Amino acid sequence: MRVLVVAETNGERVSEKTLPAIAFAQQKAPDNFTILAIGNNLQGVEMLTNYGAQAVLTVNHPALAKPLAERYAPVIAHYAQQLGVDAIVATTSTFSRDVLARAAGLLDAPMLSDIITFESANGKLVAKRPIYSANLIGTFEVEGTPVVMTVRGPAWGKPEPKASQSPVQAVEAPAEVPTRSEWISLQGSSGGRPDLTQARVVVSGGRPLKDPETFEKYIGGLADVLGGAVGATRAAVDAGIAPNELQVGQTGKTVAPELYIAVAVSGSVQHLAGMKDSKVIVAINTDPEAPIFQVADYGLVADLYQVVPELIELLKNDKGA
Ligand SMILES: Cc1cc2nc3c(=O)[nH]c(=O)nc-3n(C[C@H](O)[C@H](O)[C@H](O)COP(=O)(O)OP(=O)(O)OC[C@H]3O[C@@H](n4cnc5c(N)ncnc54)[C@H](O)[C@@H]3O)c2cc1C
């Protein structure tokens, strides 16, 4: 199988979110995959050269300065056809759901999203992916190539570094890049905190955090002493307590940090769908029957307003010691 990995970029910089897609390619097409990175004056391309790709193709063009599906998809389709690949792969994210779906449309190719396994069986390609808030695993068969896929990050992990460096080749954008849609702005900010989907530590808060100031003081405060990212439940987002981009769960982001601290989070199936692959889960909740305790490795039945400030102080002192 020959694979084209589409690197996740914001148009300016390559993101580490690309790594699970490279891990997929290492497993399914060792020695036979190419990485494509699109943007304008792209930084961070060297991050892609350590994993055994035959080549890292970079396309730099002013019209590609922002990741618009309308503009990136024809570039992906062009190089997929030129290389004659069997699969086009990126890590599941807002970027890939948008850009790859359009590339699949242009290529009239089958698309599978968020896959956790991928095998060839009886001449057919068979993939599995979580469905219904990750309560069921669906098995899907596809015919036709190239198959376009987004792969679920936690299922594929990080690629293995290789001794040799992949060559970086600057290539041209196809003759015409459509420009009917324009990038206007991007709202939201992590306030200098790590990216929620990449962070080693995530502290999430639920509806009882009352308002944005309280949420920031307790959840942001705990995240900061741990060098972590902040997450939230949908109930907290819907109540205007936390911004939309912090939502973890079925209709939010999927995270799998080394440590996930759920503060006043009930543990609905929709929330669990976005965080249950976390390595260590700690729950703080006043209700000993809260469903979050069923998935927690460590549970504290306590009032957040009492224990979170104590935790922050202890961690600060621990750091100072
Ligand atoms: C189609 C659909 C999609 C959804 N997608 C998502 C999603 O992506 N993400 C998501 O999170 N939800 C999602 N939801 C909503 C989900 O069903 C729950 O309503 C939501 O997760 C509950 O959020 P919560 O835990 O903050 O609030 P609550 O359910 O109100 O729970 C609050 C918890 O805090 C505890 N508590 C109260 N006071 C304190 C205190 N002082 N100290 C400590 N603990 C305290 C309570 O015991 C309780 O367990 C979705 C729902 C639907 C229908």
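Our subject is the structure that appears above.
Bear in mind the structure is a predicted one, so any value in this text is a computation, not a measurement.

**Quick look at the overall build of the protein chain**
- In terms of helices and strands, the protein chain carries nine helices and 15 strands.
- The C-alpha radius of gyration of the protein chain comes to 21 Å, within 12% of the 20 Å expected for a compact globule of 321 residues.
- Looking at the protein chain as a whole, 44% of its 321 residues qualify as buried.
- A separation threshold of at least 6 residues defines the contact pool for the protein chain, and within that pool the share at least 24 residues apart is 65%.

**A word on the site of the ligand**
- The environment of the ligand is made up of 28 residues, and the closest members are Gly206, Arg234, Ala235, Gly249 and Ser266.
- At the level of secondary structure, the elements contributing two or more residues to the shell around the ligand comprise α6 (234–238), α7 (269–272), β14 (280–285) and α9 (304–320).
- Looking at the shell around the ligand, the element that brings in the most residues is α6, giving three residues.
- Class assignment for the residues of the shell around the ligand results in 10 nonpolar, 14 polar and four charged.

**Some remarks on the sheet that holds strand β6 (residues 117–121)**
- Here three strands make up an open sheet; going across it, the order is β6-β7-β8 and the pairing antiparallel. Two strands close off the open sheet at either side, each with one partner strand: β6 and β8 (136–142). The sheet shows a mean angle of 25° between the axes of neighbouring strands, taken without regard to direction.
- Inspection of the sheet shows strand β7 (residues 124–131) paired to β8 by seven bridges, in the antiparallel sense. Across the sheet, residue Val126 finds its bridge partner in β8, namely Glu141.

**Some points on the pairing of strand β1 (residues 3–6)**
- Here β1 shows a buried face lined by Val3 and Val5 and a second buried face lined by Leu4 and Val6.
- Where β1 and strand β4 (residues 87–91) come together, three bridges link them in parallel fashion. Looking at β4, one finds that Val3 is bridged to Ala87.
- Judged from the four bridges that link them, β1 and strand β2 (residues 33–39) form a sheet pairing that is parallel. For Val6, the partnering residue across the bridge sits in β2 and is Leu36.

**A short note on the packing of helix α2 (residues 69–83) against helix α3 (residues 94–107)**
- Running from N to C, α2 and α3 cross one another at 55°; their axes reach a closest spacing of 8 Å. With respect to α3, the element α2 is oriented oblique. Seen along the crossing, α2 lies across α3 with a hand that is right-handed. Contact residues: Ala69, Glu70, Tyr72, Ala73, Pro74, Ile76, Ala77 and Ala80 in α2; Asp98, Val99, Arg102, Ala103, Leu106 and Leu107 in α3.
- A breakdown of the residues in the contact of α2 with α3 according to their chemical character gives 11 nonpolar, no polar and three charged.

**Focus on helix α5 (residues 212–225)**
- In a regular helix each residue adds 1.5 Å, so 14 residues correspond to 20 Å; α5 covers 19 Å between its end C-alpha atoms and thus fits that length.
- Of all the bends in α5, the greatest, near 25°, is centred on Ile219.
- By the burial criterion, the buried members of α5 are Phe215, Tyr218, Ile219, Leu222 and Ala223.
- Gly227 sits one or two residues past α5 and shows a positive phi near 65°.

Parameters and conventions
Residues numbered from 1 in each chain as written. Predicted model: local features only at pLDDT ≥ 70, side-chain atom pairs only at ≥ 80, totals over all residues. Helix = DSSP H or I, 4+ residues; strand = E, 2+ residues; numbered from the N terminus. Rg over C-alpha atoms; globule rule 2.2 N^0.38 Å. Buried ≥ 20, exposed ≤ 12 C-beta atoms within 10 Å, placed from the backbone. Contact = placed C-beta atoms within 7 Å. Near = placed C-beta within 6 Å. Nonpolar A, V, L, I, M, F, W, Y, C, P; charged D, E, K, R; others polar. Pairing = 2+ DSSP bridges. Axes fitted to C-alpha atoms, helices over the stretch in contact; angles between N-to-C directions. Parallel < 35°, antiparallel > 145°, perpendicular 65-115°, else oblique. Left-handed = near helix turned anticlockwise from the far one by under 90°. Expected span 1.5 Å × (residues − 1). Bend = angle between axes of the 7 residues up to and from the residue.

Shape descriptors only; they carry no functional weight alone.
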